[in-house]
Amino acid sequence: MIEVPVTSAFVLSHTGPEVYRGTAARTFLNSLDLLAADSLRMQFEDTWDEQCVEILNRKYGVQKYSHAYLSENPSAQVVQLGGGLDPLTIDLAECHPKVRIFDVDMANMPLKAEINKEIGGPEISFLTANLVDVSSLTEVLANAGWRPDAPTLLISEGISYYVPKEIYRITLSALRTSEGCLVFEYALPDELLVGTPKADLIEDFFTRFSALLDLPFTMQRYSDSEVRDLAKSMNGEVEEIVNQHQLEFSRLGRNEMREDPTMGAIRVAKIRFP
């Protein structure tokens, strides 16, 4: 089995059959050694359950929006940014065989391509590129067959935290296409969570997690108004923003851990482009 870095293992350990239903995606997951997540669990035992449900809900929301757009646009392109070893693109390719998919990150793409080939997975372009170097990124995508004049589903999950906002806006704007869509996952900043249930646990998690990663900048978190401004700057419009309460209810048909509509930090936005 392939050993996965600790932070990736943490996220992928919450990706089960209720999120990815395709045979290849589940086979891909089963080929990964996620035991590294155990060490992280010991460090975050007090907030573990809260973060588990946040991540599971976020992954469900990203998957739901992505499938919905591709069902309406079965010949569209998909560009996933910074997905790492997550098998979302594999799942999408299984369910939407006419879609051309480009999975782009700065590391692990050759490994991901190798595993996908070994399990007999669908055809996907796994590309290595610097996500903040727009000219290089668009060149790599164009050389692989991405067309800037064709509808594109952009997927941003688990990456908005790690790229300074203005730089990321430039990257997303360069990949935005007519009749395309951006599925954008993000977390609210602490000041907007003050007074909401379990806000202290969320603040503590992000503080400790940022320290663990030793980032050279503050972890990036967005307000809903900032996401709407991002959409406007890209000549797009936010079609919907779903919070943890809504995501959990959609996923389960009831609310178990997100019974209060204000609970939770992570949200998913669907942005449409004319």
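A brief report on the enclosed structure follows. Everything numeric here is computed off the predicted structure, so don't read it as measured data.

Scanning the protein chain from N- to C-terminus turns up eleven helices and nine strands. Since a compact globule built from 274 residues should have a radius of gyration of about 19 Å, the 18 Å found for the protein chain is in line with a globular shape. When its C-alpha atoms are laid out on the principal axes, the protein chain stretches across 50 × 45 × 40 Å. Considering the protein chain as a whole, with its 274 residues, one finds that 54% of them fall into the buried category. Pairs at least 24 apart in sequence give 78% of the contacts found in the protein chain among residues at least 6 apart. Surface accessibility of the protein chain: about 11,800 Å² in total, with carbon and sulfur atoms responsible for 51%. Across the protein chain, the 25 positively charged side chains and the 41 negatively charged ones have centroids separated by 6 Å.

A word on the pairing of strand S3 (residues 77-81). Extensive coverage of S3 is indicated by the burial of five of its five residues. Alternating positions in S3 separate into two faces, Gln77, Val79 and Leu81 on one and Val78 and Gln80 on the other, with burial throughout. As defined by bridge partners, S3 adjoins strand S4 (residues 100-105) across five bridges and the pair is classed as parallel. Considered in S4, the bridge of leucine 81 is made with valine 104. You can see the chain leave S3, run along helix H5 (residues 88-95) and come back into S4, and the turn it takes is right-handed. Pairing geometry for S3 and strand S6 (residues 152-156), over five bridges, is parallel.

On to unusual backbone geometry, then. For asparagine 108, which is not glycine, the phi torsion reads 70° and is therefore positive. Looking at the secondary structure, you find asparagine 108 in the loop between S4 and helix H6 (109-118). On the basis of relative accessible area, asparagine 108 is assigned to the partly exposed category, the value being 32%. In this model, glutamate 179 sits at a positive phi of 65°, which is unusual for a non-glycine residue.

Glancing now at the side chain of aspartate 91. Residue position: aspartate 91 is located in helix H5. As a buried residue without a salt bridge, aspartate 91 has its nearest oppositely charged side chain in arginine 21, at a separation of 6.8 Å. There is a polar contact of 3.2 Å between the side chain of aspartate 91 and the side chain of histidine 67. Contacts of aspartate 91, omitting those with residues within four sequence positions, involve Val19, Tyr20, Arg21, Gly22, Ala25, Gln63 and His67.

Rules used in this analysis
Chains are numbered independently. Their residues run from 1 in the order of the written sequence. Reporting of local features is limited, given that this is a predicted model, to residues whose pLDDT is at least 70; pairs of side-chain atoms are given and counted only at 80 or more, and all residues count toward the totals for whole chains, interfaces and linings. To get the side-chain values, take all heavy atoms of the structure and skip hydrogens and water. Runs of H or I in DSSP of at least four residues are treated as helices and runs of E of at least two as strands, each being numbered from the N terminus. With the radius of gyration taken over C-alpha atoms, the globule rule is written as 2.2 Å times the number of residues to the power 0.38. Only protein chains enter the area calculation, which uses a 1.4 Å probe; residues under 20% of their type maximum are buried, those over 50% are exposed, and those in between are partly exposed. Note on contacts: a residue pair qualifies if any of its non-hydrogen atoms lie within 4.5 Å across the two residues. Exposure was quantified through the Shrake-Rupley algorithm and a 1.4 Å probe, taking into account, for residues, occlusion by the shown protein chains and nothing else. Counted charges follow a simple rule, with Lys and Arg positive, Asp and Glu negative, and His plus the chain ends left uncounted. For charged residues, the charge sits on one atom: NZ in Lys, CZ in Arg, CG in Asp, CD in Glu. Following DSSP output, two strands are said to pair if at least two bridges run between them. The handedness rule is simple: strands pointing away from the viewer, and a clockwise path from the first strand over the helix to the second, make the crossover right-handed. By convention in these notes, a salt bridge is any Lys or Arg side-chain nitrogen within 4 Å of a carboxyl oxygen on Asp or Glu. Two N or O atoms form a polar contact when they lie within 3.5 Å of each other; inside protein one atom must be a possible hydrogen donor and the other a possible acceptor, and for residues adjacent in sequence the pair counts only when both atoms belong to side chains.

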